[in-house]
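# Descriptive structure summary
Chain residues, written in single-letter form:
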Amino acid sequence: MKISVIGAGAVGVEICNFVLNLGECSELVLVDLNRERCQGEQIDFSHMSALTFAKNTHVVSGDYADTAGSDIIVITAGAQIKVGQDRLDIAQINAKIGVEIAQELEKYSPEAILIVVTNPCDIVTHFITCNTAYPRDRVISSGCVIDSARLMKLVADKVQIDPKNIFGFIIGEHGANSILPWSLMNIAGQKVEDFCRNNGYPLIDPIEQLNEVKQEGLRVFAMKLNTNHGIAASVFRIIRAITINEHSMLPVGTTLDGEYGIHNVALNVPMIVARNGIEKIPTYTFTAQEMQELQHCAQNLRKVAESVAEQTGLKADL
C-alpha cells in the first residue's frame, strides 16, 4: 500500500503520523511547496523507525512524480481559513488549487483514490470530479466524518457513556449547511428520547444539538487557529476503511448523480467505503423535513459551484 499526502501543514503531517502507526503502508510520500519543511518532516518521521514496532514504512519527501503508483492520495494543500471567514469564502481559490493538484496527480496515479480535505472539501471534491478523469467513486470528500465524530462526543458527554455507543450522522455539507437527521439517531440501540427518559437524563433538542456541533469546530479554531487532531483522525478512519476493505458506512462526500433526487453536486450522505473507494451509496428513508433540508443544502452548494465556475472557468458539470 502506497499513500501520498499533498500538503505538509498541521493536518497533513498529523495524517502522516496516523499512517505510519498503521503499519500496513509500504511507502509514504509527503509533498509540499515548501520543500525544506517537507524534507524536515520526512527526516523527523524517519527517526520513529527506531522506536515503534509497526512495519517500517519508507518515507519520502518529494514532488508529484514521487507519488507515482499511489493507492491513496490525501489532498490537504490550499489556502487556509482566516479568522472571520467561512469555508465557502475560499471556494474559488481552493477549487482551482485542488483541480491543478489533481490534474498533476492524474499523470502519475490515475488509479488512486483521492481523499479531499482542503476546504471547502465538498466544493473542491466536486470540481476535481468534473475536471479530471477520476471517477466519482474514487474522489472522496472527508466531509462530515469529523462533524459526526463531534456529534457522537457531544451527545455521549450528556448521557455519560462512550461516544462509540452513539449512532448518528451529520450529512449535507461540511459547514454551515450541515444537517442532523434525527430520525437516524440512537444511543446504544435506543431512540435518543427513550434512552434519556428511561435513564433520567434531560431530553436533547435536535436543533440545539446541531448548532452545538456546528460551533464546536469554530470554538477549537478560535482557541488554536486550526483543527488538526480530529480532522486527521477522521481522514485516517477513511484510509483504514479502504486499506482493510472494511465496507464501513461513513458520512463522506462525492458528487451525487440521482441519489435522493440530487444531481451534479457533491454532498455527504452515508456511503459504504472499502477497497475501491465508495462501493455503494445506500438509500436511507429520511423524514420529509430532513429531505427538504438535504435538497436545500444541495441548492446552496450548487449556487456556490456555479459562481466558482463562472469566476475560474472550471467545469461544474459531470
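For the structure, see preceding data.
Every chain begins its residue count from 1, and numbering advances along the sequence as written. For this predicted model, a pLDDT threshold of at least 70 governs which residues receive local features, and a threshold of 80 or more governs which side-chain atom pairs are given and counted, while totals over whole chains, interfaces and linings are taken from all residues. Excluded from the side-chain calculations are hydrogens and water; all other atoms, namely the structure's heavy atoms, are used.

Numbering of helices and strands runs from the N terminus, with a helix taken as a DSSP run of H or I at least four residues long and a strand as a DSSP run of E at least two residues long. The topology assignment puts lysine 107 in helix α3 (residues 91-108). Type-normalised accessible area, obtained with a 1.4 Å probe on protein chains alone, sets the label of each residue: buried when under 20%, exposed when over 50%, and partly exposed for intermediate values. Looking at lysine 107, the relative accessible area reads 57%, which means it is exposed. A C-alpha to C-alpha distance of 34 Å links lysine 107 and serine 178, two positions 71 residues apart in sequence. Polar contact is the term for a pair of N or O atoms within 3.5 Å; when the atoms are in protein, one must be able to donate a hydrogen and the other to accept it, and sequence-neighboring residues count only if both atoms are side-chain atoms. Here glutamate 104 takes part through its side chain, which lies 3.0 Å from a polar atom of the side chain of lysine 107.

A separate point is the pattern of salt bridges. The salt bridge criterion pairs a side-chain nitrogen of Lys or Arg with a carboxyl oxygen of Asp or Glu, the two atoms within 4 Å. As enumerated under the stated definition, the model contains 13 salt bridges in all. Between arginine 136 and glutamate 259 there is a salt bridge, with the nearest N and O atoms lying 2.7 Å from each other. Of the two residues, arginine 136 is situated in the loop between α4 (121-131) and β6 (139-141) and glutamate 259 in the loop between β12 (248-257) and β13 (263-274); the sequence distance between them amounts to 123 residues. One salt bridge in this structure joins lysine 153 and aspartate 157, with 2.8 Å as the shortest N-O distance. Taken as a pair, lysine 153 and aspartate 157 lie in helix α5 (residues 145-159) at a separation of four residues, close to a single helical turn.

Counting 82 residues, the largest nonpolar core has Ile15, Val74, Phe127, Ile128, Ile239, Leu267 and Leu294 as its most contacted members. Among the elements that make up this core, the one with the highest residue count is helix α9 (residues 288-312) (eight residues). Those residues within four positions of phenylalanine 127 in sequence are excluded, and the remaining contacts are Ala95, Val99, Ala305, Val308, Ala309, Leu314, Lys315 and Ala316. Formed by 18 residues, the second largest nonpolar core is a distinct cluster that contains Val155, Ala156, Val159 and Met185. Buried Ala, Val, Leu, Ile, Met, Phe, Trp, Tyr and Cys residues that are joined via side-chain atoms within 4.5 Å together make up what is termed a nonpolar core. Here, two residues are considered to be in contact whenever any of their heavy atoms come within 4.5 Å of each other.

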